[in-house]
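# Reading the structure
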Amino acid sequence: MIREVATITEIGTDYLLVTTELKTGCSGCAQQTTCGAGIISKAFSDRRAAFRVQKPDTGDFHEGQTIELLLPEQMLTRASLLIYGAPLLVLILSAATLQGLLGISEGVSIIASLIAFGASFWALKRWFKMRDLQVSQLLQVQQIH
């Protein structure tokens with residue numbers, strides 16, 4: 001399970017609105033004071049994400065309370081493979097199809113492949129927005145004692 005600490009900002013009848021602090025990968029390195037990436041990450045360190053999660057049937061929740069969100073690792077792995085793999089697959093297949101099978105010129109095939117690559121990101125973004133409700137139902141809310 002992947003664990004993330006969140007703060008409750010609003011309580012609805014069947015949901016909790018929570019915020020989490022977006023972290024960068026540069027928080028544990030000893031070189032973060034001299035590294036360019038570490039310095040840049042400090043400049044944007046106050047970023048937060050807010051989203052709704054399904055309110056558990058049991059538990060007493062109040063605004064400002066710190067809770068723990070649990071997400072199955074398998075789900076994150078699948079989403080990562082889809083987000084990174086699908087656009088690359090679309091780019092390669094569209095280039096191979098346009099130039100190899102259809103005989104379209106190289107310049108046109110490159111531009112069309114890049115358009116297909118961008119369109120795959122747009123389609124994935126829309127698809128994930130539609131699935132957002134299902135994802136929030138997979139998150140488990142656990143009270144921190």
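Use the structure listed above.
None of the values given here were measured: they were computed from a predicted structure. (Residues numbered from 1 in each chain as written. Predicted model: local features only at pLDDT ≥ 70, side-chain atom pairs only at ≥ 80, totals over all residues. Heavy atoms only, no water.)

## Considering the pairing of strand S4 (residues 66–71)
The criterion, for reference: Each residue gets one of three labels from its accessible area relative to the maximum for its type: buried under 20%, exposed over 50%, partly exposed in between, using a 1.4 Å probe on protein chains only. Here a strand is any run of E in DSSP of at least two residues, a helix any run of H or I of at least four, and the numbering for each starts at the N terminus. In this analysis, strands are considered paired if DSSP registers two or more bridges between them.
Burial of S4 is extensive: 5 of the 6 residues sit out of reach of the surface. Direction of pairing for strand S1 (residues 2–11) relative to S4: antiparallel, over a ladder of 6 bridges. Across the sheet, glutamate 4 pairs through a bridge with leucine 69, a residue of S4. Where S4 and strand S5 (residues 140–143) come together, 4 bridges link them in antiparallel fashion. The residue bridging glutamate 68 from the neighbouring strand is glutamine 142, located in S5.

## What about the pairing of strand S2 (residues 15–21)?
A large share of S2 lies buried, amounting to 5 of its 7 residues. Of the strand pairs in this sheet, S1 and S2 are connected by 4 bridges, and their pairing is antiparallel. Opposite isoleucine 8, over in S2, you have valine 18 as the bridge partner. The antiparallel hairpin formed by S1 and S2 contains 3 residues in its connecting segment. Alignment of S2 against strand S3 (residues 48–54), held across 7 bridges, turns out to be antiparallel.

## Comments concerning the environment of threonine 7
Rules: In this analysis, two residues are considered to be in contact whenever any of their non-hydrogen atoms come within 4.5 Å of each other.
For threonine 7, the position within the fold is in strand S1. Residue threonine 7 is classed as partly exposed on the basis of its relative accessible area, which comes to 27%. Among all residues touching threonine 7, those that are not within four sequence positions of it are Leu17, Val18, Thr19, Gly64, Gln65 and Thr66.

Any functional reading would require information that these geometric values do not contain.
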